[in-house]
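# Examination of the molecular architecture
Read off the chains here:
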Amino acid sequence: MRTLSITISDLEFNKFGIKTDKLSFSDFVDIVSKELTRQNLSKSIELAEKHGLSKMTMEDITKEVKAVRGNAKNNS
């Protein structure tokens, strides 16, 4: 087994909620993946709000999906 040394700032250490200075690689990947997922979700919410998608009801979404599927069938 090898040891990999990674240096991060105190801000990043706290931001990622790391509790110890020794982690398995799997734990490190899990922590980073969760943070990236959180960032991507925040960006998705921001874009949905910017383009008015966050205000759509399930009925609106269903109508949009049916319209797109109808157009796809007509174009094939």
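Residues numbered from 1 in each chain as written. Predicted model: local features only at pLDDT ≥ 70, side-chain atom pairs only at ≥ 80, totals over all residues. Heavy atoms only, no water.

### A look at the overall build of the chain
Let me state the cut-off plainly: In this description a helix means any DSSP run of H or I spanning at least four residues, a strand means any run of E spanning at least two, and both kinds are numbered starting from the N terminus. Here the globule rule is a power law, 2.2 Å times the number of residues to the power 0.38, and the radius of gyration is based on C-alpha atoms. The buried label applies to any residue whose accessible area, calculated with a 1.4 Å probe on protein chains only, is under 20% of its type's maximum; exposed applies above 50%, and partly exposed to all values in between. Using a 1.4 Å probe, the Shrake-Rupley method yields the accessible areas, and only the shown protein chains count as cover for residues. Positive charges are assigned to Lys and Arg, negative charges to Asp and Glu, while His and the chain termini are left out of the count. Charge positions are represented by NZ for Lys, CZ for Arg, CG for Asp and CD for Glu.
For the chain, the helix and strand inventory stands at 3 helices and 0 strands. Against the compact-globule benchmark of 11 Å for 76 residues, the chain has a radius of gyration of 21 Å, which places it well outside the compact range. Taking the principal axes of its C-alpha atoms as reference, the chain extends roughly 60 × 30 × 15 Å. Counting all 76 residues of the chain, 4% fall into the buried class. By element, 55% of the accessible surface of the chain is carried by carbon and sulfur atoms, the whole surface being about 7,200 Å². Within the chain, one finds 13 positive and 11 negative side-chain charges whose respective centroids are separated by 6 Å.

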